[in-house]
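Overview (structure and organization)
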Amino acid sequence: MGNAAIIVAAGRGSRAGGDLPKQWQPLAGRRVADWTLDAMLRAGLSPIVVVLHPDDMELPLPAGVVRVAGGATRDASVRAGLAALDPAVTANVLIHDVARPCVPATVIAEVVAALEAGAEAAAPGLPVTDALWYGDAGHVTGTAPRDGLFRAQTPQGFRLQPLLAAHAAHPGGAADDVEVARAAGIRVAITPGSEDNLKITHPGDFARAEAILRGTMDIRLGNGYDVHAFTEGDHVWLCGVKIPHDAALLGHSDADVGMHAVTDAIYGALAEGDIGRHFPPSDPQWKGAASHIFLEHAVKLAAEKGFAISNVDCTLVCEAPKVGPHAAAMQARMAEIMGLDPARISVKATTSERLGFTGRKEGIASIATACLIKA
Ligand SMILES: Nc1ccn([C@@H]2O[C@H](COP(=O)(O)OP(=O)(O)OP(=O)(O)O)[C@@H](O)[C@H]2O)c(=O)n1
Ligand SMILES: C[C@](O)(CO)[C@H](O)COP(=O)(O)O
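Because the structure is a prediction, the values reported are computed rather than measured.

Before going further, it helps to spend a moment on the overall build of the protein. In terms of helices and strands, the protein carries 11 helices and 19 strands. Sequence separation of 24 or more characterises 70% of the internal contacts of the protein that already satisfy a separation of 6 or more. Carbon and sulfur atoms provide 55% of the accessible area of the protein, an area that totals close to 17,300 Å². The averaged location of the 41 negative side-chain charges in the protein is 2 Å from the averaged location of its 32 positive side-chain charges.

Dropping the structure here:
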């Protein structure tokens, strides 16, 4: 039984302005939603259900997330997300606004920890520290006591079955799921919120969120280089695609020179050595191994260290075979292995103008760059 996540992203962001709904607007080099999704993916929540506006169902999202069409209100969207979860495998669910892209890992972890320690429900809140006023026509008309008041944040975490019942019994119109749960008598623990966990609501919030992300972001670049010589054969493996050729590439594994360079670029960004360190050629179990094993390992290692792979760029250096006709398939295969949008994978090729060993068709070289980001 696991902990699932629902990211509600079906709103139109009318208060935030801009040509696109706020979750699809750029923020520190990516879309707002990409940051939010990465935070939930890194927390190890599964499945991740993204509730989308019906107009947005085809927008690119990371592989593996579940897409659901939302409703006209936040609570209708949450109900649509809940309907996509299987109570037989999901014990708890964390419901998060897509508009909170800077949510710190600790805020999510505290909610999960409270549920796992036995809380019926748990949600992050920040005690109100400013004095509170009533106002009218630009003037203060009264004051209100702030004692015991909290600013509510997300993700809000619940046991799935009682929350399903609470939503089924609620008339609608709740500001959040804590309100729905409390109406059904569920006790909600308050876990520590964070000033960084702002909800992008108005145009000025983008700059605040960008400053938070840039302040906490750890950006790593890595490069990889690999060479394999030609030998007798009738095909080569390049970036996960089998290409008929009048020679094969010689290697301990399947000799996929492109995938090896990409894998080494990821290890390089993590300062984790290279493929040979993790899969020694002296070890017979890797003889003839399919190279996706190496790439999957590097991607998993990056995730364990809290890094998302922002993009990779791979250049194959050879006179033949022609790479262009296969480049899209290579992008798609590597995207599948890495769980990334294919638009984040570049595969291109060059000849070396008949110079050197690649020019003499003695082998293929490949160089790759990877950019990893920890928010
Ligand atoms: N019908 C709706 C309305 C809101 N939301 C989601 O609920 C969260 C919190 O809502 P809010 O910040 O109010 O977002 P919007 O409704 O998009 O903003 P606005 O009210 O400015 O239009 C957001 O992640 C939003 O996408 C949703 O999934 N479905
Ligand atoms: C759920 C919420 O984020 C808690 O603070 C908030 O209520 C949702 O945003 P809205 O502006 O109230 O729609």
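The rest of the description comes next.
Moving on, we come to the site of ligand 1. Taken together, 18 residues surround ligand 1, and among them Val8, Gly13, Ser14, Arg15 and Ser77 come closest. Here alanine 10 contributes a backbone N or O atom positioned 2.9 Å from an oxygen atom of ligand 1. At a separation of 3.1 Å, an oxygen atom of ligand 1 approaches a polar backbone atom of valine 98. The set of elements that each furnish at least two residues to the shell around ligand 1 consists of strand 1 (2–9) and helix 2 (74–83). Residues that form the shell around ligand 1 fall into these classes: six nonpolar, six polar and six charged.

The next point concerns the sheet that holds strand 13 (residues 218–231). Taken together, the five strands give an open sheet; going across it, the order is 16-13-19-17-18, and neighbouring strands pair in mixed fashion. The sheet terminates laterally at strand 16 (248–249) and strand 18 (345–350), the two strands that pair on one side only.

What UniProt calls "site: Transition state stabilizer" (unreviewed entry) maps, in this numbering, to Arg15, Lys22, His252 and Thr351. Across 337 residues of sequence, these annotated residues are also dispersed in space, with a maximum C-alpha separation of 57.9 Å. Looking at the element boundaries, arginine 15 is found in the loop between strand 1 and strand 2 (26–27). Residues contacting arginine 15, with those up to four places away along its chain left out, are Lys199, Thr201, His202 and Pro203. With respect to the helices and strands, histidine 252 occurs in the loop between strand 16 and helix 7 (257–269). Its relative accessible area of 29% is what places histidine 252 among the partly exposed residues. Discounting chain neighbours no more than four positions away, the residues touching histidine 252 are Pro281, Asp283, Trp286, Lys287, Gly288 and Ala289.

What surrounds ligand 2 is the set Arg15, Arg74, Asp97, Arg100, Ala152, Thr154, Ala175, Asp176 and Lys199. The separation between an oxygen atom of ligand 2 and a polar main-chain atom of alanine 152 is 2.7 Å. Out of a free accessible area of 350 Å², ligand 2 has 71% covered by protein chains. In terms of residue class, the shell around ligand 2 is built from two nonpolar, one polar and six charged.

With domains assigned, the protein is organised as domain 1 (2–130 + 142–216) and domain 2 (218–374). For domain 1 and domain 2, the distance between their C-alpha centres works out to 37 Å. The interface of domain 1 with domain 2 comprises nine residues on the first partner and nine residues on the second. Here domain 1 and domain 2 share an interface that buries about 670 Å² over both sides, 54% of which is from carbon and sulfur atoms. Between domain 1 and domain 2 we count one salt bridge in total. The tally of links between domain 1 and domain 2 comes to zero residue pairs in polar contact (both at pLDDT 80 or more). The dominant element in the side of domain 1 that touches domain 2, judged by the number of residues it contributes, is helix 1 (residues 32–42), at four residues. Here the residues of the side of domain 1 that touches domain 2 sort into four nonpolar, one polar and four charged.

Residues Leu238, Ile266, Leu295, Met330, Met334, Met338 and Leu372 are the most contacted members of the largest nonpolar core, which totals 47 residues. Of all the secondary-structure elements, those providing two or more residues to this core are strand 14 (235–238), strand 15 (241–244), helix 7, helix 9 (292–304), strand 17 (308–317), helix 10 (327–338), strand 18 and strand 19 (363–374). If one sorts the elements of this core by residue count, helix 7 sits on top with eight residues. In contact with isoleucine 266, other than residues within four places in its own chain, are Leu295, Ala298, Val299, Ala302, Ile309, Met338, Ala370 and Leu372. Ranked by size, the runner-up nonpolar core spans 25 residues in total, among them Ala39, Met40, Leu61 and Val107.

On to the side chain of serine 253. Its place among the elements puts serine 253 in the loop between strand 16 and helix 7. Within the structure, the side chain of serine 253 is placed 3.4 Å from the side chain of histidine 260, a separation counted as a polar contact. Apart from the residues within four sequence positions on either side, serine 253 is in contact with His260, Trp286, Gly288, Ala289, Ser291 and Phe294.

Along the chain, alanine 131 falls in the loop between strand 7 (121–127) and strand 8 (132–136). According to the relative accessible area criterion, alanine 131 is partly exposed, its value standing at 46%. Taking the C-alpha atoms as reference points, alanine 131 and proline 145, 14 residues apart in sequence, are found 7.6 Å from one another.

This paragraph deals with the UniProt feature "site: Positions MEP for the nucleophilic attack" (unreviewed entry) in the protein. As recorded in UniProt, the sites labelled "site: Positions MEP for the nucleophilic attack" (unreviewed entry) are Arg146 and Lys199. Positionally, arginine 146 belongs in the loop between strand 9 (139–144) and strand 10 (150–152). Ignoring any residue separated from it by four or fewer positions in sequence, one finds arginine 146 in contact with Val128, Thr129, Asp130, Ala131 and Leu132. At 2.8 Å, the side chain of arginine 146 and the backbone oxygen of threonine 129 are in polar contact. Within the secondary structure, lysine 199 is located in the loop between strand 12 (188–192) and helix 6 (205–216). In contact with lysine 199, not counting residues within four places along its chain, are Arg15, Asp97, Ala99, Arg100 and Asp205. Separated by 2.9 Å, the side chains of lysine 199 and threonine 201 make a polar contact.

So, how was this worked out
- Residues numbered from 1 in each chain as written.
- Chains lettered and ligands numbered in written order.
- Predicted model: local features only at pLDDT ≥ 70, side-chain atom pairs only at ≥ 80, totals over all residues.
- Heavy atoms only, no water.
- Helix = DSSP H or I, 4+ residues; strand = E, 2+ residues; numbered from the N terminus.
- Contact = heavy atoms within 4.5 Å.
- Areas by Shrake-Rupley, 256 points an atom, 1.4 Å probe, with all protein chains shown as cover.
- Lys, Arg positive; Asp, Glu negative; His and termini not counted.
- Charge placed at Lys NZ, Arg CZ, Asp CG, Glu CD.
- Near = heavy atom within 4 Å.
- Polar contact = N/O pair within 3.5 Å; in protein donor to acceptor, adjacent residues only side chain to side chain.
- Nonpolar A, V, L, I, M, F, W, Y, C, P; charged D, E, K, R; others polar.
- Pairing = 2+ DSSP bridges.
- UniProt positions renumbered as here; feature names shortened; annotations may be inferred.
- Buried < 20%, exposed > 50% of the residue type's maximum accessible area, 1.4 Å probe, protein only.
- Domains from an automatic or database assignment.
- Buried area = accessible area lost by both parts, 1.4 Å probe.
- Salt bridge = Lys/Arg side-chain N within 4 Å of Asp/Glu carboxyl O.
- Core = buried A, V, L, I, M, F, W, Y, C linked by side-chain atoms within 4.5 Å.

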